Amino acid sequence: MTSTVHVAVYDTLSDWELGYVTAHINKPDWQKRPGRYRTATVGVTRDPVTTMGGLRITPELAVDEIDPADSAMLIMAGLEPSARAAAKPFVDLARRFLDAGKPVAAICGATLELAAGGLLDDRAHTSNAPEFLTFAPAYAGAEHYVDAPAVTDRGLITASGIHPADFARHIFAELDLYDEDTATAWYELYGERRPEAFFKLMAS
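Calculation rules
- Residues numbered from 1 in each chain as written.
- Predicted model: local features only at pLDDT ≥ 70, side-chain atom pairs only at ≥ 80, totals over all residues.
- Heavy atoms only, no water.
- Helix = DSSP H or I, 4+ residues; strand = E, 2+ residues; numbered from the N terminus.
- Rg over C-alpha atoms; globule rule 2.2 N^0.38 Å.
- Buried < 20%, exposed > 50% of the residue type's maximum accessible area, 1.4 Å probe, protein only.
- Contact = heavy atoms within 4.5 Å.
- Areas by Shrake-Rupley, 256 points an atom, 1.4 Å probe, with all protein chains shown as cover.
- Pairing = 2+ DSSP bridges.
- Axes fitted to C-alpha atoms, helices over the stretch in contact; angles between N-to-C directions.
- Salt bridge = Lys/Arg side-chain N within 4 Å of Asp/Glu carboxyl O.
- Core = buried A, V, L, I, M, F, W, Y, C linked by side-chain atoms within 4.5 Å.
- Right-handed = clockwise from strand over helix to strand, strands pointing away.

*Asks:* Give a description of the overall build of the protein chain that names residues and reports values.
*Replies:* Each helix and strand in the protein chain was counted, giving 6 helices and 9 strands. Since a compact globule built from 204 residues should have a radius of gyration of about 17 Å, the 16 Å found for the protein chain is in line with a globular shape. Principal axes of the C-alpha set define a box for the protein chain whose edges measure 50 × 35 × 35 Å. Expressed as a percentage of the 204 residues in the protein chain, the buried residues total 50%. If you take every contact in the protein chain between residues at least 6 apart in sequence, the share linking residues at least 24 apart comes to 61%. Element-wise, carbon and sulfur atoms account for 53% of the exposed surface of the protein chain, whose accessible area totals about 9,400 Å².

Right under this line is the structure:
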């Protein structure tokens, strides 16, 4: 049975922050259970959006069509400050996911939106910098901030925008996508940029 990983899309989406995630969730060759997951894009509506990189995406679903019970994870990338209002419906959706025991992953500007919604107040988390989250006046989770590329705490994954490979690594671990050897080789190649790890990855 295939489970769906829902990917939030909105205008000015930081598309490069999702490249490792979507490409490898949808690449079955190295996975422990090929075909276990697929991704589906979710917009505020089904109207097309334009990413920061100029890609035009037509969401497969609207946010009010998503039931966390039917999802494996919600993933949110960053966006331009001028477009922050577009992410707000996804903060409510993220809360529903976490309340239902379903994981949520947020990177870069998406962590700011979760901070504004109070979702980082009682979980270990990271972001672009501690000061970045102070742009969310309601943020009350500073004592739980961790200076790390990515952090997972009770189903909530957060990451800095300059660490998309670490973001992907935590997502893959939460989804149990790879066996241990493959996961290690994957990160050595993409996270540590060690060319020799390509052959380890192929062998795994």
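*Asks:* Any chance you could break down the pairing of strand E8 (residues 150–153) for me, citing the residues and the numbers?
*Replies:* Sheet topology places E8 next to strand E9 (residues 156–159); 4 bridges connect them, and they run antiparallel. From the neighbouring strand, aspartate 153 faces E9, where its bridge partner is leucine 156. Turn length for the E8-E9 hairpin, with the two strands adjacent in sequence and antiparallel, is 2 residues, and the turn residue arginine 154 shows positive phi of about 50°.

*Asks:* Let's hear about the sheet that holds strand E1 (residues 3–8): which residues, and what values?
*Replies:* Taken in spatial order, the 7 strands make up an open sheet running E5-E2-E1-E6-E7-E9-E8, and their pairing is mixed. This sheet does not close on itself; its edge strands, each paired only once, are strand E5 (61–62) and E8. Here helix H2 (residues 88–99) sits on the sheet and contacts E1, strand E2 (37–43), strand E6 (73–76), strand E7 (104–107) and E9; the angle it forms with E6, its principal contact strand, is near 150°.

*Asks:* Summarise the pattern of salt bridges; cite the residues concerned and give the values.
*Replies:* Tallying each qualifying case throughout the model produces 14 salt bridges. Put simply, glutamate 188 and arginine 194 hold a salt bridge, and the shortest N to O gap is 3.7 Å. Of the residues examined, glutamate 188 reaches a relative accessible area of 11% and is grouped as buried. A salt bridge links lysine 200 to glutamate 188; its shortest N-O distance comes to 2.7 Å. You can see lysine 200 sitting in helix H6 (residues 197–203) and its partner glutamate 188 sitting in helix H5 (residues 180–190), a full 12 residues away along the chain. What emerges from the salt-bridge pattern is a single network uniting Glu188, Glu192, Arg194, Glu196 and Lys200.

*Asks:* Which residues make up the environment of alanine 100, and what values do they have?
*Replies:* For alanine 100, the position within the fold is in the loop between H2 and E7. Among the residues examined, alanine 100 registers a relative accessible area of 48% and is labelled partly exposed. Spatially, the C-alpha atom of alanine 100 lies 7.4 Å from that of alanine 69, the residues being 31 residues apart in sequence.

*Asks:* I'd like to hear about the nonpolar core, residue by residue, with values.
*Replies:* With 63 residues, the main nonpolar core has Ile25, Ile75, Leu114, Phe167 and Ile171 as its most contacted residues. Non-local contacts of leucine 114, meaning those with residues more than four positions away in its chain, are made with Met76, Val91, Ala94, Val104, Ala106, Leu119, Leu120 and Leu156.

*Asks:* Break down the pairing of E6 for me, with residues and values.
*Replies:* On E6, burial covers both faces: Met73 and Ile75 on one face and Leu74 and Met76 on the other are all buried. In terms of strand pairing, E1 meets E6 through 3 bridges, oriented parallel. Within E6, the position partnered with valine 5 by the bridge is methionine 73. Across 3 bridges, the pairing between E6 and E7 is parallel. Among the inter-strand pairings, methionine 76 is bridged to a residue of E7, identified as alanine 106. In this region the chain leaves E6, passes through H2 and returns to the parallel neighbour E7; the handedness of that crossover is right-handed.

*Asks:* I'd love a proper account of the environment of valine 44, names of residues and values included.
*Replies:* Note that valine 44 resides in the loop between E2 and strand E3 (49–50). A C-alpha to C-alpha distance of 8.5 Å links valine 44 and leucine 61, two positions 17 residues apart in sequence. Those residues in contact with valine 44, other than ones at most four positions away along the chain, are Val9, Ala62, Val63, Ala86, Pro89 and Phe90.

Any functional reading would require information beyond the geometric quantities listed.
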